Amino acid sequence: MAHNKKHIFAAAIAAVLCAQSYAQTRLANRGIGVEELIVTRTGESVLLDMKLNLDSLDLPANTRLVYTPVVKTRNGMTAMPEIVINGRRQHIMYERGDMKGTLDGRAVVVRRLNGKAQTVAYRAEAPLKAGVADYDVEIREDLCGCGDSIGADSYLLKRSRKPVVAFVRPAAEARKERHIDKTAYIDFPVNRTELHPDYRRNPAELDSIVKTINMVKADKNLSIRSIDIHGYASPESPYSHNDYLARERAKTLKDYVRRLVALDDELFTVSHTPENWEGLIKFLRGSELPNRDAILQVIADTSLDPDAREWKIKGDYPDDYRFMLDTWYPALRRSDYRVNYTIRPFNVDEAKEMIRTKPQLLSLEEMFLVAQTYEPGGKEFNEVMEIAVRMYPDDPTANLNAACTRLNVGDADGAKRYLDKAGDSPQAVNARAAYAQLKGDQAEAERLYRQAADEGVAEAAANLDNL
C-alpha cells in the first residue's frame with residue numbers, strides 16, 4: 001500500500017474550541033490527500049508513516065481540524081499522537097497556549113497556508129501485542145478538537161487480518177509397520193557359544209528380551225512380522241574365530257528366546273558382525289586416551305586386515321590396548337534385536353479413544369481425521385496436532401500442521417521450531433509467509449505468499465489480498 005493515495009473529504013461542520021462559542025462553518029468537500037502510506041508491523045508495535053496533502057484544503061481562519069490515527073482491535077483501540085490543522089486564528093490561539101493541555105505532547109500541529117502547496121509528514125507508532133494479528137489502522141476526524149470523533153468521519157488506512165494457513169492431510173499408510181530396537185549384553189563363557197541363563201548379567205538381559213517380545217505379542221492390536229537378532233564379537237582373537245563366535249552365539253540366543261516366547265522359527269532372522277570395530281571407534285572418539293588418534297589411524301588403514309590391525313595396536317600401544325580390552329571390549333560383545341510388527345487400522349471413533357492412551361498406535365492420517373471432529377483452531381484440535389508432531393517429530397506434514405496451529409493463534413515464535421522441519425511444500429511456503437507477516441517482515445511475507453499462490457495455494461492468494 002506504499003505510495004498509495006487516498007482522500008479524506010472533510011464534509012462536516014467546522015468548529016473551534018469547545019469551550020469557545022465561535023461561529024461554525026461547513027466545509028464543502030475540501031480534499032485532504034493521504035500519500036506515501038506505509039503501515040508496518042514491527043515486534044509489539046504498529047508503525048504508521050504517511051503524508052497529508054493539504055493542497056486542496058481551504059481552511060477558514062477560525063477552524064481547527066484534528067485527525068487521530070488509531071489502531072483498533074476487537075479488544076479496544078489505541079490512539080497515536082494527533083494531527084492538528086489550524087486555520088490562521090486558531091493557530092494564534094494554539095501558540096498562546098490554548099488547547100495545548102488537551103493534546104498528546106507528540107502531536108503534529110501545523111497552520112494551513114491557504115492557496116499554497118502544503119504537505120504534513122507524519123510518523124508514529126502504537127503498541128500492539130505480538131500475538132494479535134487482526135487489527136485496523138484508521139484515522140478519525142474530530143471537528144471540534146475536544147476528543148469527540150464523529151463515527152461517519154472515520155477512514156480506514158489499513159486492515160490486517162490473521163494469516164490463513166493451510167493444513168495438510170497426511171498420506172494414508174497402506175500398512176502401519178513399526179519396530180522396536182533394543183540391545184542386549186549376553187555373557188558367554190570365554191570362547192564358548194552355549195548360553196547359561198543364570199550367568200552374570202544374563203537373567204536381567206534375557207528377561208528384557210522376552211518381555212519386549214511378549215508385550216507386542218499380547219497386544220490384540222499388533223501382529224509380529226519378524227524378529228531380527230544381530231550378534232557382535234569384540235576384535236581380540238583371530239578374525240575367523242570371532243566370526244564363528246558372533247554367528248553361533250546369535251543362533252544360540254535366537255533358539256533360547258524362541259522357546260520362551262513360543263513363536264514359529266520362521267519369524268526369526270539371525271545375522272552377525274565378526275568384530276565390532278565401529279563400536280570401538282565410537283568409544284575412542286569419545287575418549288581422551290593418550291594415543292587415541294594414532295589408534296584411529298591404524299583402524300582406518302585399509303591395507304591392514306583385521307588381525308594385523310589388532311596386533312599393531314596391541315604391539316605399538318600396549319597400555320592403551322589393555323585399557324580397551326578391560327573397559328570397552330565387554331560392551332562390544334552385544335546382541336542387537338529388532339521386533340517388527342504391524343498395527344491394525346482404526347476407525348475415527350476408535351482413534352479418538354486411542355489418541356489419549358496409546359497415540360503411538362495411530363498413523364498421522366488417523367490423528368488428522370480425529371482432529372477434523374473438532375473445531376479448527378480450537379483447544380482439542382490443537383492438542384491433536386501437538387500429539388501428532390510429538391509422535392512423529394521428524395515428519396514434515398506433522399510439523400507443518402503443528403506450525404499452523406501456532407500461527408493460527410498468532411504465536412510466530414512457537415511456530416518457528418516446527419517450520420524448520422516442515423518441508424518445502426507450497427502449504428509450507430504459505431506458512432512461512434504467515435510467520436514473516438506476524439514478525440512484521442511484509443516484503444518477505446509478500447514474496448512467499450506469491451510463490452505459494454503461484455503453486456495453487458488458495459489461502460496464499462487470500463493472504464496476498466489481505467496484505
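This report concerns the structure included in the present document. Since the model is a prediction, treat every value here as computed from it, not as a measurement.

Before going further, it helps to examine helix 9 (residues 348-357). Side chains three or four residues apart in an α-helix point the same way, a direct result of the helix having 3.6 residues per turn. Taken as a whole, helix 9 has its buried residues at Ala351, Met354 and Ile355. Within helix 9, the buried residues cover an arc of 105° as seen down the axis, which keeps them to one side. Turned more than 90 degrees away from the buried face of helix 9, the exposed residues are Asp349, Glu353 and Thr357. Check the buried side of helix 9 and you find it contacts helix 10 (364-371) and helix 11 (379-391).

This part covers the packing of helix 12 (residues 396-408) against helix 13 (residues 412-419). At their nearest, the axes of helix 12 and helix 13 sit 8 Å apart, and the two run at 175° to each other. Looking at the two axes, helix 12 sits roughly antiparallel to helix 13. In contact with Asn399, Ala402, Ala403, Arg406 and Leu407 of helix 12, helix 13 contributes Ala412, Gly414, Ala415, Arg417, Tyr418 and Leu419. Its residues assigned to classes, the contact of helix 12 with helix 13 comprises 7 nonpolar, 2 polar and 2 charged.

Applying the stated criterion to the full structure yields 37 salt bridges. Of the charged contacts in the structure, one is a salt bridge between Glu138 and Lys72, with a shortest N-O distance of 2.8 Å. Highlighted residues: Glu138 in strand 11 (residues 135-142) and Lys72 in strand 6 (residues 64-73), separated in sequence by 66 residues. What makes Glu138 buried here is its relative accessible area of 9%. Between Glu177 and Arg225 there is a salt bridge; the shortest N-O distance is 3.9 Å. Residue Glu177 is located in strand 13 (residues 176-184), and its partner Arg225 is located in strand 14 (residues 222-232); the two are separated by 48 residues in the primary sequence. A relative accessible area of 38% places Glu177 in the partly exposed class. By relative accessible area, which is 33% here, Arg225 ends up partly exposed.

Judged by side-chain charge, Arg88, Arg89, Arg111 and Lys116 come together as a positively charged surface patch. Inspection of the secondary structure puts Lys116 in the loop between strand 9 (108-111) and strand 10 (119-127).

Attention shifts here to the environment of Gly279. Here Gly279 lies in helix 4 (residues 277-285). On a C-alpha basis, the gap between Gly279 and Tyr232 in space is 9.7 Å, while along the polypeptide they are 47 residues apart.

A few words now on the environment of Met99. Looking at the element boundaries, Met99 is found in the loop between helix 1 (88-96) and strand 9. Overall, the relative accessible area of 13% leaves Met99 in the buried class. Linking Met99 and Met80, residues 19 residues apart in sequence, is a C-alpha distance of 17 Å.

A few words on the sheet that holds strand 16 (residues 335-343). In a beta sheet, neighbouring strands are held together by backbone hydrogen bonds and run either parallel or antiparallel to one another. Strand order across the open sheet formed by 4 strands is 13-16-14-15, with mixed pairing between neighbours. Edge positions in the open sheet fall to strand 13 and strand 15 (268-273), since each of these has one partner strand only. Across the sheet, the mean angle separating the axes of adjacent strands is 20° when strand polarity is ignored. With 6 bridges joining them, strand 14 and strand 15 adopt parallel strand pairing. Bridging from a neighbouring strand, His230 pairs with Ser271 of strand 15.

The rules we used
Here the residue numbering is sequential within each chain, running from 1 through the sequence in written order. Owing to the predicted nature of the model, reporting of local features is limited to residues with pLDDT of at least 70; listing and counting of side-chain atom pairs is limited to 80 or more, with chain, interface and lining totals taken over all residues. Note that the side-chain values use all heavy atoms of the structure and ignore hydrogens as well as water. A 1.4 Å probe rolled over the protein chains alone gives each residue an accessible area, and that area as a share of the maximum for its type sets the label: buried under 20%, exposed over 50%, partly exposed in between. Only DSSP runs of H or I covering at least 4 residues are called helices, and only runs of E covering at least 2 are called strands; the numbering of each starts at the N terminus. An arc is given here, and it is the one of the directions from the helix axis to the C-beta atoms. Every residue pair with non-hydrogen atoms within 4.5 Å of one another is taken to be in contact. Every axis corresponds to a line fitted to the C-alpha atoms, with the helix fit spanning only the stretch in contact, and the corresponding angles, defined between N-to-C directions, vary from 0 to 180 degrees. In these notes the angle categories are as follows: under 35 degrees is roughly parallel, over 145 is roughly antiparallel, 65 to 115 is roughly perpendicular, and the rest is oblique. Asp, Glu, Lys and Arg are counted as charged, while Ala, Val, Leu, Ile, Met, Phe, Trp, Tyr, Cys and Pro are counted as nonpolar; the rest, among them Gly, fall into the polar class. The salt bridge definition used is simple: a Lys or Arg side-chain nitrogen within 4 Å of an Asp or Glu carboxyl oxygen. Patch membership requires more than 30% relative accessible area and the absence of a salt bridge. Residues of like charge join within 9 Å; the nonpolar side chains Val, Leu, Ile, Met, Phe, Trp and Tyr join within 5 Å. Per-residue and other accessible areas were derived by the Shrake-Rupley procedure at a 1.4 Å probe size, with only the shown protein chains allowed to occlude residues. Charged residues are defined narrowly, with Lys and Arg counted positive, Asp and Glu counted negative, and His plus the chain ends left uncounted. One atom stands in for each charge, and that atom is NZ of Lys, CZ of Arg, CG of Asp or CD of Glu. The pairing criterion is simple: DSSP has to find at least two bridges between the two strands.

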